[in-house]
Amino acid sequence: MIDLTIADDVATVVLNAPSRLNALDEQALRDLGHAYDEADAAGVRALVLRGEGRAFCAGRDISGVDPRDDDVMGYLGGLVTPLLQRMARFPAPTFAVAHGACLGVGLGLLIATDVVYVAESAKIGSPFAALGATLDSGGHALLVERLGAHKTLDLVYTGRLMSGTEAVASGLFSRVLPDAEVRQTATDAAAAAARGATAAFLASKQLVARIRDERLALWESIDLENAAQAALCDTEDYREGFAAFQQKRTPEFLGR
């Protein structure tokens, strides 16, 4: 079950199937995509993604899957990849709370989120050798980029899971926090972002994506930054930010 609430320009999307460790079947993936579509249509200025219960998301729900006729490409290529792309392009800052198991598709959901706050007890890695399967949903790209080939294959071959503390120390995600604090920290960060200069945040989000995906060099990146800054000059928030600085007051951004 996927729950969506919207309040004060912040959408909260909750994976709410704790008895299954929030594992995702085909319908849950569709529902998750619909939740992002609804949040987008509502014009929210920030989004929080979290899981209910003991885990963020243990990956694909395989409880009813017969491997003899499993449509893996339909699940991954037809549902998971388009969803991750949709999440990554969401037109507002996004935050995720990672606790307990964050595996397979669950790890992919984190990869597709802008900022990930990780509980110390989180478990991240590739335990799928026991299923005769491999890491998916962008896991290889994340681990190779941040850990290198040798550490990635060590995790794959052994099935060892990294703690939240180790994952953040290795550069996988944003920040590690005590379990009791991680949800509130993400909620507060999203609320602050929703009061911020949304167009400027989106400019940075798009720049970071292009630098990562296109492997842009320094001077190419600077050219893009210059163009983004020039475009922001036409926004109300840019003018409000300058006025507030000059008048020595707190800016009141409207997100436009």
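Bear in mind the structure is a predicted one, so any value in this text is a computation, not a measurement.

## Some points on the packing of aromatic side chains
Right, so step 1: Applying the stated criterion across every chain, the model contains three aromatic pairs.
Right, so step 2: On the numbers, 5.7 Å between centres and 90° between planes, the contact of Tyr36 with Phe90 is edge-to-face. Remark: Phe90 occurs in the loop between helix H2 (72–88) and strand S4 (94–98) and Tyr36 occurs in helix H1 (residues 26–41); sequence separation between them is 54 residues.
Right, so step 3: Take Phe90: its relative accessible area is 1%, and that puts it in the buried class.
Right, so step 4: Between the NZ or CZ atom of Arg60 and the centre of the ring of Tyr75, over which it lies, the distance is 4.3 Å.

## Focus on the sheet that holds strand S2 (residues 10–15)
By definition, the strands of a sheet pair up through backbone hydrogen bonds, in either a parallel or an antiparallel sense.
Right, so step 1: If you walk across this open sheet you meet the six strands as S1-S2-S3-S4-S6-S9, and the pairing is mixed. Every other strand in the sheet has two partners, leaving strand S1 (2–7) and strand S9 (175–177) as the edge strands with one partner each. Between one strand axis and the next, the sheet turns through 20° on average, direction left out of account.
Right, so step 2: In this structure, S4 lies alongside strand S6 (residues 115–119), joined through four bridges in parallel fashion.

## A few points about the layout of surface pockets
Right, so step 1: Considered as a void within the structure, the largest pocket measures approximately 1,200 Å³ in volume.
Right, so step 2: Looking at the largest pocket, it is lined by 41 residues, and the ones nearest its centre are Ala88, Ile111, Ala112, Thr113 and Arg212.
Right, so step 3: Elements represented by at least two residues in the lining of the largest pocket include exactly H2, S4, helix H3 (105–111), S6, helix H4 (139–147) and helix H8 (198–214).
Right, so step 4: Looking at which element gives the most residues to the lining of the largest pocket, the answer is H8, with nine residues.
Right, so step 5: Classifying every residue of the lining of the largest pocket by side-chain character gives 23 nonpolar, ten polar and eight charged.
Right, so step 6: Along the wall of the second largest pocket there are 19 residues; nearest its centre are Arg60, Ile62, Leu131, Ala133 and Asp136.
Right, so step 7: Top contributing element to the lining of the second largest pocket by residue count: H2, with three residues.
Right, so step 8: Each residue belonging to the lining of the second largest pocket can be placed in one class, and the counts come to twelve nonpolar, four polar and three charged.

Conventions we followed
- Residues numbered from 1 in each chain as written.
- Predicted model: local features only at pLDDT ≥ 70, side-chain atom pairs only at ≥ 80, totals over all residues.
- Heavy atoms only, no water.
- Phe/Tyr/Trp six-rings, centres within 6.5 Å; stacked < 30°, edge-to-face > 60°.
- Helix = DSSP H or I, 4+ residues; strand = E, 2+ residues; numbered from the N terminus.
- Buried < 20%, exposed > 50% of the residue type's maximum accessible area, 1.4 Å probe, protein only.
- Lys NZ or Arg CZ within 6 Å of the ring centre and 35° of its normal.
- Pairing = 2+ DSSP bridges.
- Axes fitted to C-alpha atoms, helices over the stretch in contact; angles between N-to-C directions.
- 1 Å grid on protein atoms, 1.4 Å probe; cavity = no way out; pocket = protein on both sides within 12 Å on 5 of 7 lines; lining within 4 Å.
- Points joined across faces, edges and corners; volume = space filled by probe spheres on them.
- Nonpolar A, V, L, I, M, F, W, Y, C, P; charged D, E, K, R; others polar.

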